[in-house]
Structure formats: C-alpha cells, structure tokens
Amino acid sequence: MIELGVNIDHVATIRQARRGHEPDPLKAALLAEEYGADAITVHVREDRRHMQDDDVRRIRPMISTRMNFECAVVEEMIRLVEEVKPQDVCFVPERREEVTTEGGLDVIGGFHLIAPAVARLKDQGMRISLFIDPDMNQIEAALKCGADAIELHTGSYAHANTATFEYELARIRKAANFGAAEGLRVNAGHGLNYDNVKPIAAIETIAELNIGHSIVANSVFMGWEAAIKKMKELMVTAKLEAIRPR
C-alpha cells in the first residue's frame, strides 16, 4: 500500500520564527508516527532556515519508522548524513536564494558528483533516492548512478492549470511506470495537497508520497492528528480505487 512520509521542516520553520524551543520537531515526528506516518522526512538546508543539525541528531534514534533525510550533494551534508545514519537519503537540488525547491536534480550534469556520493552512502547501508523531474533521461542517469529510488518532482503538476493538468499527470505516470519497470522504488512529492493528491496517489507504481507544507498548514485549523490522518486516508483511498478489479 502507498506510504506517507510526513515532512516536518515547517514545524521547525515556525519555531525558527522566534528562535525558541517550540514547536519541537521531535514531538511532531513522534506524534506523526502515532497518527499514521510511514516515514519522517527532514531537510537540512545549507542556511539552516528550518531544521537544525541537532534536530536530526535528536530525532533519528527516537523514531520507530524511517528517517528520510533530504540534502544537497555537498560534503558538509554528506558528513552529517554519515553521522546521523538515516535509513533513507534523498539528494535534492538546492539554491540559497530559493524559497523552496524549484525543480529536480540535474543528474546528467552532476553525474561526476552524484554517483560517488550515492556509492559512498550505499556502502554504509542507506537507501539512496534522487529527487528528479519526470524526465526519462534523468531517470536513466539515476539508474547509472546506482540510486535505489527516485522521487518525482510534482511541482509542475501541482501548479498546472486546467489546460495542462492532464499533460503533467501523464508525464508523472509515464515516468513512474518507467522507473518501476527498471527496478527503482518510485516516490513523489512537492506541492501536493488535499485537493490534488489523489490522482498522484492513484498511480500504481508510486510507492510513497512525501508531503509537508500542506499538512503543517492545515494542522493550524484541524490539528496535527486530523491533518495527517486525512492526508493518509485520501492517499490510501485513491490507491485502493486504482487497483480495485473492474
């Protein structure tokens, strides 16, 4: 069944607004697991705008599911990953001036850096994913890099208008099916919310969705438990409807 990775970065964003101690990302992670999260996703950025090094150090030994550690392919982050030892690592593109991740990793252009990083962390028993656009050439490069998984960037789908919605959905479906056929675990995420998640969750070859901002934002109104459970319910319902015999 499809899995939900709850990204808790924006719990830390709220905390960093006052540079205080609450809300605590560790508490958010533990409660997210209790409410149905299959993994806890964290992203330590170069500028430490939300998650801090100490956050991931505290969270990793306390959770009972999986830590999915998102980071740039830079030595500073690779060393932090080696210290924390998450089960999953997802390499993502990162620019200091961006508000949020703006697109997929250019695996083709960065192959000389990405492939050694993948091998280095795989040798330590971590499952490595690459966050990429739904592009066949990038998926082939991910395979050549030795990645175990890919996470398809759903930003273009999430921002599509009526005219482009079906096209963007078809791109993701085609990429997911291709990646899965080649033996990759296929995850997806970025910009997914309660209104647009079901068509993505219904793609049979997608194993996991990583969702953060929408869950955190809606928890202001409905509470952390309800926000997580509602997202998981939408995902599971969509998957069951897709695989139900007709």
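Residues numbered from 1 in each chain as written. Predicted model: local features only at pLDDT ≥ 70, side-chain atom pairs only at ≥ 80, totals over all residues. Heavy atoms only, no water.

Named according to an unreviewed UniProt entry, the protein is Pyridoxine 5'-phosphate synthase originating from Limnobacter thiooxidans. Under the Pathway (unreviewed entry) heading, UniProt states for the protein: "Cofactor biosynthesis; pyridoxine 5'-phosphate biosynthesis; pyridoxine 5'-phosphate from D-erythrose 4-phosphate: step 5/5." Per UniProt, the protein carries the Function (unreviewed entry) text "Catalyzes the complicated ring closure reaction between the two acyclic compounds 1-deoxy-D-xylulose-5-phosphate (DXP) and 3-amino-2-oxopropyl phosphate (1-amino-acetone-3-phosphate or AAP) to form pyridoxine 5'-phosphate (PNP) and inorganic phosphate." (UniProt positions renumbered as here; feature names shortened; annotations may be inferred.)

**Q** Please clarify how the overall build of the protein should be interpreted in this entry.
**A** Counting its regular elements, the protein contains eleven helices and eight strands. Taking 18 Å as the expected radius of gyration for a compact globule of 246 residues, we find that the protein reaches 17 Å, a close match to that expectation. Overall, the protein is about 50 × 45 × 35 Å in size when its C-alpha atoms are taken along their principal axes. A burial count over the protein gives 52% of its 246 residues as buried. A separation of at least 24 residues holds for 67% of the contacts in the protein among residues at least 6 apart in sequence. Approximately 11,300 Å² of the protein is accessible, and the part contributed by carbon and sulfur atoms is 51%. (Helix = DSSP H or I, 4+ residues; strand = E, 2+ residues; numbered from the N terminus. Rg over C-alpha atoms; globule rule 2.2 N^0.38 Å. Buried < 20%, exposed > 50% of the residue type's maximum accessible area, 1.4 Å probe, protein only. Contact = heavy atoms within 4.5 Å. Areas by Shrake-Rupley, 256 points an atom, 1.4 Å probe, with all protein chains shown as cover.)

**Q** I tried to follow helix α4 (residues 75-84) on my own but got confused; where do I start?
**A** Each α-helix turn comprises 3.6 residues. Residues three or four places apart therefore point the same way. Looking at α4, one finds that the buried residues are M77, I78, L80, V81, E82 and V84. Of the surrounding elements, those touching the buried residues of α4 are α3 (53-59), β3 (67-71), β4 (88-91) and α5 (111-122). Taken from the residues just after α4, K85 is the one with a positive phi, measuring 60°.

**Q** Looking at this structure, I do not really get the packing of aromatic side chains. What am I missing?
**A** Enumeration over the complete set of coordinates arrives at one aromatic pair. With a centroid separation of 5.1 Å and an interplanar angle of 45°, the aromatic rings of Y157 and F165 are classed as tilted. (Phe/Tyr/Trp six-rings, centres within 6.5 Å; stacked < 30°, edge-to-face > 60°.)

**Q** Looking at this model, I keep getting lost on unusual backbone geometry. Mind explaining?
**A** Leaving glycine aside, a negative phi is the common case for residues, and trans is the common case for peptide bonds. With an omega of 0°, the peptide bond between E22 and P23 qualifies as cis. Even without glycine at this site, R48 takes up a positive phi of about 55°. Turning to its location among the elements, R48 is positioned in the loop between β2 (39-43) and α3. Note on R48: relative accessible area 18%, which makes it buried. Phi is positive for K85, close to 60°, though the residue is something other than glycine. With respect to the helices, strands and loops of the structure, K85 is situated in the loop between α4 and β4.

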